[in-house]
Amino acid sequence: MERRSLALKVGTPVAVLIAWEVISRTGIISPVLLPPPSKVFAVFVEMPGQIAVNAATSLYRVAVGYSIAAVSGVTLGVLMGAYKDVETALDLLVEIIRPIPPIAWIPMAIVWFGIGDASAFFIIFIGAFFPILLSTRAGVKHVDRIYIEAALNLGADDKALIRHVLLPAALPEILTGLRTGLGVGWMCVVAAEMIAAKSGLGYMIIEAQRVLATDQVIAGMLTIGVLGLLMDRGFRALEKRLLAWM
Amino acid sequence: MEPVLEVKNLVKSYDDLLVLDHVSFDVHEGEFLAVVGPSGCGKTTLLRIIAGLEDYDEGEVLLRGEPIEGPGPDRAMVFQEYAVFPWKTVLENVMFAPLMRGLDPEEAERIARKYLKVVPGLEGFEDEYPKKLSGGMRQRVAIARALAAEPEILLMDEPFAAVDAQTRNRMQEELLKIWKETEKTILLVTHNVEEAVFLADRVMVLSNRPAKVVDVVDIDLPRPRDRTDPEFVRIRARILETLGAL
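Basis of the calculations
Every chain is numbered on its own, with residues counted from 1 as its sequence reads. Chain A is the first chain written and ligand 1 is the first ligand written, with later ones labelled in order. Thresholds applied to this predicted model are a pLDDT of at least 70 for local features of residues and 80 or more for the giving and counting of side-chain atom pairs; totals over whole chains, interfaces and linings are not thresholded and use all residues. Just so you know, side-chain values use all the structure's heavy atoms and leave hydrogens and water out. Throughout, a residue-residue contact means that at least one pair of heavy atoms, one from each residue, lies within 4.5 Å. Summed over both partners, the accessible area (1.4 Å probe) lost when two parts come together is defined as the buried area. Salt bridges are counted wherever a side-chain nitrogen of Lys or Arg sits within 4 Å of a carboxyl oxygen of Asp or Glu. All domain edges in this entry derive from an automatic or database-based domain assignment. At least two DSSP bridges between two strands are required for those strands to pair. A run of DSSP states H or I qualifies as a helix once it reaches four residues; a run of E qualifies as a strand once it reaches two. Both are numbered from the N-terminal end. Grouping buried Ala, Val, Leu, Ile, Met, Phe, Trp, Tyr and Cys residues that are joined through side-chain atoms within 4.5 Å yields what is termed a nonpolar core. Throughout, exposure labels follow a simple rule: accessible area from a 1.4 Å probe, protein chains only, divided by the maximum for the residue type, with under 20% read as buried, over 50% as exposed, and the rest as partly exposed. Under the convention used throughout, the expected extent of a helix is 1.5 Å for every residue step, that is, one less than its residue count.

By a widely used convention, the size of an interface equals the accessible area lost when the partners come together. Facing the 18 residues of chain A at the interface are 26 residues of chain B. Of the roughly 1,900 Å² buried between chain A and chain B, counting both surfaces, carbon and sulfur atoms make up 69%. Broken down residue by residue, the surface that chain A buries against chain B is led by Asn153, Leu154 and Trp245 of chain A, which jointly contribute 39%. In this assembly, chain A and chain B are joined by one salt bridge.

This part is about the domain arrangement of chain A. As far as domains go, chain A holds domain 1 (1–34) and domain 2 (42–242). Of note, the centres of domain 1 of chain A and domain 2 of chain A, computed from C-alpha atoms alone, are 32 Å apart.

A few words now on the sheet that holds strand β1 (residues 5–14) of chain B. Residues and elements named next belong to chain B. Pairing within the open sheet is antiparallel, and its four strands lie in the order β2-β1-β4-β5. Each of the sheet's edge strands pairs with one partner strand only, and the pair in question is β2 (17–27) and β5 (66–67). One ladder, built from two bridges, connects strand β4 (residues 58–63) with β5; its direction is antiparallel. Counted as the bridge partner of Leu63 is Glu66 from β5.

One recurring pattern in soluble globular proteins: nonpolar side chains tend to sit buried together. Within the largest apolar cluster, 155 residues are counted, with the highest numbers of intra-cluster contacts made by Leu5, Phe25, Leu187 and Ile239 of chain B. In terms of residue count, helix α8 (residues 158–196) of chain A provides more of this core than any other element does, 16 residues in total. Filtering out sequence-adjacent residues up to four positions away, Phe25 of chain B remains in contact with Leu5, Glu6, Val7, Leu33, Leu46, Ile50, Leu187 and Met204 of chain B.

A word on helix α5 (residues 165–182) of chain B. Residue and element names in this part refer to chain B. Helix length check: α5, at 18 residues, gives a terminal C-alpha distance of 25 Å against a target of 26 Å (1.5 Å per residue), a fit within 8%. Those residues of α5 not exposed but buried are Thr167, Arg168, Met171, Gln172, Glu174, Leu175, Leu176, Ile178, Trp179 and Thr182. In this fold, the buried residues of α5 make contact with β3 (32–36), α3 (105–118), α4 (135–147), β7 (153–157), β8 (185–190) and α6 (193–199). In the segment just after α5, Glu183 is the residue with positive phi, at about 55°.

Residue and element names in this part refer to chain B. If you walk across this open sheet you meet the six strands as β6-β7-β8-β3-β9-β10, and the pairing is mixed. Unpaired on one side and paired on the other, β6 (77–78) and β10 (213–218) mark the two borders of the sheet. Here β6 pairs with β7 via two bridges, running parallel. By the bridge assignment, Val78 is partnered in β7 with Met156.

Here the focus is the pairing of β1 of chain B. All names here are of chain B. Here β1 runs beside β2; their pairing, made up of seven bridges, is antiparallel. Note on β2: the bridge partner recorded for Val7 is Phe25. Following β1, the chain reverses through two residues before pairing antiparallel with β2; Asp15 in that reversal takes a positive phi of roughly 50°. Alignment of β1 against β4, held across five bridges, turns out to be antiparallel. Its bridge partner being in β4, Leu5 is matched across the sheet by Leu63.

Burial analysis of helix α7 (residues 145–153) of chain A places seven of its nine residues in the buried class, which makes it a mostly covered element. The complete set of buried residues in α7 of chain A reads Ile146, Tyr147, Ile148, Glu149, Ala150, Ala151 and Asn153 of chain A. Looking at the buried positions of α7 of chain A, the neighbouring elements they touch are α8 of chain A together with α1 (43–51), β6, α2 (90–100) and α4 of chain B. Looking one or two residues past α7 of chain A, Gly155 of chain A carries a phi angle of roughly 105°, positive in sign.

Leaving glycine out, the prevailing phi sign among residues is negative, and the prevailing peptide bond configuration is trans. Residue and element names in this part refer to chain B. Pro224 follows Arg223 through a cis peptide bond whose omega is 0°. For Pro224, the position within the fold is in the loop between β10 and α7 (230–244). In this structure, Asn9 takes a positive phi of about 50° despite not being glycine. Summarising the element assignment, Asn9 is placed in strand β1. Notably, Asp15 is not glycine yet its phi reads approximately 50°, a positive angle. Within the element layout of this structure, Asp15 appears in the loop between β1 and β2.

Following this line, the structure appears as structure tokens:
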């Protein structure tokens, strides 16, 4: 069973690669429109430095924009979940801003922050912030009353209640929000770099597309996919450790 | 001597439903008072009001002569459900109240370890999370956690309702040992008449909604009590009869 599932898991992508190579090599689809995977992988050998530098740039931008979103999203989420007044005061605002796609903010980001890191930070922040905020708020609201009452009964004040009860009890949902936010942030950096930056993986693929270097475009896309997967896997491992008590 | 707890003419209603109808009683230093009554009669509400977790319409609740204000560790409670914090280890749960008192972690741990010794069966489980423990063990943790608050009076809301009969009997004996050792004043609510007669110095019988005090029975039997002793059986029958006539 173990071997069978492994074969299925790896077999499908390998089959897709082979079919893709054949379709491209035989010219069923022009290699310019669809470069064969062998050519795409060659890009990683030919220009590893360029890919690494652009990947590092994108990762750095996500790290900054996402950190700001994580801190502010969790903080506001806890306050909205814990205090009815804060929720009432912010709810409508959140509901109006939340449906605006992060990409729709790019024009204003360029006006406010220009082309470069700051615009990317902002777009990533917008994208990551809402999933984090909403999951945190929901998590805090779902905390079983019995734990809150037990903590109050044992002498907890508001600060202790948040630190010792609301945050840890809501942690499963907070982590889900943080993981979703990371994924959205990673998508946003690519979009932001296509329009509002002159470096990074998003910039790299849009530039390659201008000179029809489709092999580089796909190599860039694969890099984005693999890095996204690694981040998600890393985050899940972290979740497992933090939620050992569950 | 001044009673530890005085409840005077306590009245509580939910909307139009009168739950507590002028309930008055005292609990004296070191006394073990059990409150029995039909399920849903308002016993738990009474305990929650004393704990400061619910407000009341009329009357007075005095702890050592002072009116209670909100929840507090001087009236630490063992809840009906398993209210131990699942995200904290056994030791961390028991350290909670000492930490909330503002003690530094070393001192809090020292107090916690002291009460982990007072409650039988917890030694060796200090670093486990509650999910690894049986229901009975979790309730032992809840008792140790409440004791570590070093309350003036220990409130217990059907603490053994969710454990099997055998464990329940054993835990009742353990509770008596703890009571003797710590000389705590205990107010226990139960619907189990046998439990009340086995444990308490006095048993207060409440009527069905609205709850009124209909009888207070002194239990002068020596401990450990024999549940098959004729006098035990007679007292139990008397209380059951009072309840049955309601």
